[in-house]
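Architecture at a glance
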Amino acid sequence: MKATAFDQYVTLVRQGLRAEFVDKERLVSPVLFALTMLILFAFALGDLDQSLRIKVYLAETLLTALFALQLSFSRLFEPDRQDRVFDLLRTYPVSYSSLFLAKYTLVLILGSATLIPTMLFGAFLHQSANQSLFSWLVLGISILALAGLGALGVLLSVLTLKAQARQILYPILYFPLTTPVLLAAIQSARLCLEAGVTSPELKSWIGLLVGFDTIYITLGILLFTELMDES
Amino acid sequence: MFNSEDKREFLIGSVLQTFIIFHWCLAFFYAPVDIHQGPVYRIMFLHVPSAITAFASSLALCVFSVLSLRNRSERLMAWSKGTAEVGLLFTILTLATGSIWGRPTWGTWWTWDARLTTTFLLALLYAGYLLLYGSMAPGPGRTRVCAVLGILIFADVPIIYKSVTWWRTLHQPPSMIRQGGSTMDPEILWTLVAGIFVMSLYAAWLVRVRGRNILLADEIESASYASFGT
Amino acid sequence: MLVISNLSFKFRHRRLFDDLSLTAERGDLWHISGPNGVGKSTFLSVIAGLLNPTSGDIKLSSNGETIEDRRAWLEYLPAEANGLYLKMDAVQNLRFWSQLRGLKLDDEAIFGALAPWGLNHPLLRSDFPVEKYSTGMKRRLALARLSLSPVPGWILDEPLYGLDQQALAVFRERLGKHLSSGGFALLVSHDLEPFRNLITGSKEIVSRGSM
């Protein structure tokens, strides 16, 4: 009479994806927001000096991505908040780690759908004839950042689930808590573009980023289970 | 008018206030003038103890949060909230005195140094904690959610500090704050130690009073419920 | 068998039920009564596992064996909500909840569960978001979920909310079948008339509002 934890995980991921696709506005609004921001930045900054391009590209693109991801994370439990679905989930024999991992997987999928276009479009806007800003490694670094941001994102979504001022609260908690991941991501991406992939510092920054991801995922899963027990 | 408990709190409070005045006297008259900075350095006696108290509050918040997750105690929840309030007060005090001190010594009100950044983010996190508390209905759910956030804040503070330190040290020389220790006059050192001691005691007393206030407010609320007969 | 012993729940100014004991065996339908705001719904949420009791025990056993996770044996129906993904259709909703229970149902089985509730019309059951249903239709769908699930314990908080006469008759019949096939149920309802012959016991929660 009880599904295995893995079956439940699959069911929850599928239902989560379905909830996104039946509500397309939810799905595309973060990425539209990000692209608009980038265009506005490009207008505001105008023609940039060659030496500044890398810095500006990384700062504005990663920050835009951070904002857009925050939008999409804060609405993660929106379909489950309706009609007390979330409460009913807690009365079902669902393993809480399956639920966390399902939501985390969802965040990674939806986050990539926002992050990758943002990074590509940012690189496209700032490139010049003799300098291409696209790099697979930078894309990889941003995905690593997403892994850390996402774990905190899921946790904060549950934390603010029953709070009235969710829209204001979410960013106030999200931005300070995610500073380390953002710093590590910007540093490693900058080193990668400026000093090249062989830079010795790059390795340690990427290591740091992986370390932060591990810490946040562990914290996320531990505290999430604690939260679900009675919320 | 006053019950015995109020009298006791008043007495403790007065004693602590006297300590603070005593410490200020030490700071102004006992500690000698610094040769490099002149009298402006005396703000340190307010700044350093505030900073230590602000960060110690996050440890206390974590301890109260872990305990309230375990025992579901209303008293611990009230103390947690009191700690966050006191923590916010002292982070703001730290930032303000640091800024005032920074202007004449470094020539700037603000710099993205690791300690400054971390203190600033800590203030935001305390504010976030209080906002979250305020925007939820009372109940076991709020106790749990706030406790989890309390633990998360404490766990994140060292990570933030470390990441900002690494970030800055790769750019420019580390923190401009003069490293004291061995070069410090014994009079200055003792005044500082006394300040830390007095300030943490004072903060602990504030948390106690705030905790009591919060519990009292709840009792008044419950009395109003009872009068409706539910 | 569900054994609830000396259950109490209080939180700050909400002192709700105190020292409540109840035993539900196969075929039992317990009615929980009491004035408004006394904690009937809270009592049911505690049984369903949404809240932890302040003190007391809830034990579920089957043929003498204690069941570890009682949620696997209970189905909960909240009072003012149905637990439906409003943007999805009826079939998607039923399939999701039954999959979480480990049931693998084909379309026919789901249509069969919808049929008695009058929801088995092709235009109603798929590609039609549940949010467009009327209050009563949403309740019917929630009850279809309940009767689809193979668990022995039903926890019903105002199940009749929004139901018309025809749906009420269907529900009565389903509940009777559930009880006679060895299930049990706890019920909070403002209208007891439909359940008159089924109720086997009644428990009143007394107000303890004063300090």
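Calculation criteria
Residues numbered from 1 in each chain as written. Chains lettered and ligands numbered in written order. Predicted model: local features only at pLDDT ≥ 70, side-chain atom pairs only at ≥ 80, totals over all residues. Heavy atoms only, no water. Helix = DSSP H or I, 4+ residues; strand = E, 2+ residues; numbered from the N terminus. Buried < 20%, exposed > 50% of the residue type's maximum accessible area, 1.4 Å probe, protein only. Contact = heavy atoms within 4.5 Å. Salt bridge = Lys/Arg side-chain N within 4 Å of Asp/Glu carboxyl O.

**Here we look at the overall build of chain B**
Counting its regular elements, chain B contains six helices and zero strands. Beginning at the N terminus, the succession of helices and strands in chain B can be written as α-α-α-α-α-α. Classification of the 230 residues of chain B by burial places 47% in the buried group. Of all intrachain contacts in chain B linking residues separated by at least 6 positions in sequence, the fraction that spans at least 24 positions is 80%.

**So, the environment of Tyr161(B)**
Residues and elements named next belong to chain B. Position of Tyr161 relative to the elements: it lies in helix H5 (residues 140-169). Residues Tyr161 and Gly150, spaced 11 residues apart in sequence, show a C-alpha to C-alpha distance of 17 Å. Setting aside its immediate chain neighbours within four residues, Tyr161 contacts Ala114, Arg115 and Thr118.

**Some points on the pattern of salt bridges**
A full pass over the atoms with the stated rule returns 23 salt bridges over all chains. A salt bridge links Arg208(B) to Glu9(B), with the nearest nitrogen and oxygen atoms 2.3 Å apart. Residue Arg208(B) is located in helix H6 (residues 186-227), and its partner Glu9(B) is located in helix H1 (residues 4-30); the two are separated by 199 residues in the primary sequence. The exposure class assigned to Arg208(B) is partly exposed, which follows from its relative accessible area of 33%. For Asp69(C), the salt bridge identified is with Arg71(C), shortest N-O distance 3.1 Å. Take Asp69(C): its relative accessible area is 22%, and that puts it in the partly exposed class. In the salt-bridge network here, residues are joined through shared partners; they are Arg84(A), Asp87(A), Arg90(A) and Lys162(A).

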